Amino acid sequence: MSLQGKTAVITGSNSGIGLGVARELAKQGAHVVLNSFTDRDEDHALAAEIADTFGVKATYVSADMSKGEDCRRLIADAGACDILINNAGIQHVAPIQDFPTEKWDAIIAINMSSAFHTTAAALPVMRAKGWGRVINIASAHGLTASPYKSAYVAAKHGIVGMTKVVALETAQEPITANAICPGYVLTPLVEKQIPETMKEYGMDRETVVKEVLLQRQPSKEFATTEQLGGTAAFLCSDAAAQITGTTISVDGGWTAL
Ligand code: NAD
């Protein structure tokens, strides 16, 4: 399989799953556009390193996915967008009565509304090229719920719903839209939840990992960023041309329970 000549724009890709997906698509020959809102030297250096390693074009575009106009500018600044990976996301954990409104608004904006704006901007670009892939990184929390994650679960269920709509609107074109639903992956986003959950439940780190995070992941193993990258690459392949409007779980059996 080769993605040579394709350009992939990956939101929130200076760490974790986004970076793993960027690396895998670059390995398959795609040019990649990395994104975050941080605009640090190391963000640009990451793009240079990927270009070097895989012999593709790799650039970094700073854009804040909590702002609709930045989301749309990212697609314009990318210069091309055959593959759109909506990945940027944040988390906050609190009981609903204590959930800060600004955290709710930020999670809905970054984890869900950003995909509305990027997809709206990217579809005309894909249509002009006659090929496209929209891949939304949702979550097992796009299909199930956990306590204390009201905004995250709402945003992830929302993005799964939007994925189906995009698939229907592009059904008769060579464009597909799907959502990948990871279970727990050990990335900075999850690392950050460990101390919060330790406090919430009064547990040590190992107990939180085993009994809270991986409690619902029957494999008892974290999924990896490489596995998520491989799943995204599969959805870009010819074999996946008729896979659209669906979710693929990479969750060690979580949603089979
Ligand atoms: P991460 O914290 O490593 O990465 C999040 C990325 O989003 C970073 O690159 C960060 O720079 C970017 N980001 C955050 N706010 C942004 C903003 N305003 N504008 C632009 N970029 C922004 O976390 P991750 O675990 O790699 O998460 C990536 C995605 O995968 C998220 O949507 C998350 O919900 C989803 N996910 C993660 C897991 C997991 O267990 N790690 C499980 C299911 C789903």
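Residues numbered from 1 in each chain as written. Predicted model: local features only at pLDDT ≥ 70, side-chain atom pairs only at ≥ 80, totals over all residues. Heavy atoms only, no water.

**Points about the packing of aromatic side chains**
1) Next: What the rule picks out here adds up to 2 aromatic pairs.
2) Next: With 6.5 Å between their ring centres and 70° between their planes, Tyr148 and Tyr201 make a pair best called edge-to-face. Of this pair, Tyr148 sits in the loop between strand 5 (132-137) and helix 5 (150-169) while Tyr201 sits in helix 6 (residues 188-201); the two residues are 53 residues apart in sequence, bridging distant segments of the chain.
3) Next: The lysine or arginine in question, Arg72, covers the ring of Phe116, its NZ or CZ lying 5.5 Å from the ring centre. (Phe/Tyr/Trp six-rings, centres within 6.5 Å; stacked < 30°, edge-to-face > 60°. Helix = DSSP H or I, 4+ residues; strand = E, 2+ residues; numbered from the N terminus. Lys NZ or Arg CZ within 6 Å of the ring centre and 35° of its normal.)

**Brief notes about the site of the ligand**
1) Next: As a matter of local geometry, the ligand sits amid 31 residues, with Asn14, Ser15, Tyr152, Val185 and Thr187 nearest to it.
2) Next: Measuring from an oxygen atom of the ligand, one finds a side-chain N or O atom of Ser15 at 2.6 Å.
3) Next: The contact in question runs from a nitrogen atom of the ligand to an N or O atom on the backbone of Met65, over 2.8 Å.
4) Next: The fraction of the free accessible surface of the ligand (820 Å²) that becomes covered by protein chains is 93%.
5) Next: Counting only elements with at least two residues in the shell around the ligand, the list comes to helix 1 (16-27), strand 2 (31-36), helix 5 and helix 6.
6) Next: Per-element accounting of the shell around the ligand gives the leading share, 3 residues, to helix 6.
7) Next: In this structure, the shell around the ligand is formed jointly by two domains, domain 1 (7-184 + 223-256) and domain 2 (186-222), each of which donates at least three residues. (Near = heavy atom within 4 Å. Polar contact = N/O pair within 3.5 Å; in protein donor to acceptor, adjacent residues only side chain to side chain. Areas by Shrake-Rupley, 256 points an atom, 1.4 Å probe, with all protein chains shown as cover. Domains from an automatic or database assignment.)

**Points about the pairing of strand 6 (residues 175-182)**
1) Next: The buried fraction of strand 6 is high, at 8 of 8 residues.
2) Next: Burial along strand 6 is two-sided: Ile175, Ala177, Ala179 and Cys181 and Thr176, Asn178, Ile180 and Pro182, pointing in opposite directions, are all buried.
3) Next: Of the strand pairs in this sheet, strand 5 and strand 6 are connected by 6 bridges, and their pairing is parallel. Bridge pairing in strand 6 links Ile137 to Ile180.
4) Next: Running through helix 5, the crossover from strand 5 to the neighbouring parallel element strand 6 is right-handed.
5) Next: Here strand 6 pairs with strand 7 (residues 247-250) via 4 bridges, running parallel. The residue of strand 7 that forms the bridge with Pro182 is Val250. (Buried < 20%, exposed > 50% of the residue type's maximum accessible area, 1.4 Å probe, protein only. Pairing = 2+ DSSP bridges. Right-handed = clockwise from strand over helix to strand, strands pointing away.)

**Regarding the sheet that holds strand 2**
1) Next: In space, the 7 strands of this open sheet follow the order 3-2-1-4-5-6-7, with parallel pairing throughout. Each edge of the sheet is formed by a strand with only one pairing partner; in this case those strands are strand 3 (58-62) and strand 7. Across this sheet, the average inter-strand angle for adjacent strands is 20°, counted without regard to direction.
2) Next: For strand 4 (residues 83-86) and strand 5, the ladder comprises 4 bridges, and the chain directions are parallel. Each bridged residue has a counterpart across the sheet, and for Asn86 the counterpart in strand 5 is Asn136.
3) Next: Along the sheet, helix 1 contacts strand 1 (7-10), strand 2, strand 4, strand 5 and strand 6; its crossing angle with strand 2, the most-contacted strand, is approximately 170°.
4) Next: Across the sheet, helix 5 touches strand 5, strand 6 and strand 7, and the angle it forms with strand 6 is around 160°. (Axes fitted to C-alpha atoms, helices over the stretch in contact; angles between N-to-C directions. Contact = heavy atoms within 4.5 Å.)

**Some points on unusual backbone geometry**
1) Next: You will see that Asp39, though not glycine, has its phi angle at about 50°, which is positive.
2) Next: Its location among the elements puts Asp39 in the loop between strand 2 and helix 2 (41-54).
3) Next: Take Asp39: its relative accessible area is 44%, and that puts it in the partly exposed class.
4) Next: You will see that Lys220, though not glycine, has its phi angle at about 60°, which is positive.
5) Next: With respect to the helices, strands and loops of the structure, Lys220 is situated in the loop between helix 7 (205-213) and helix 8 (225-236).
6) Next: Overall, Lys220 belongs to the partly exposed group, its relative accessible area being 45%.

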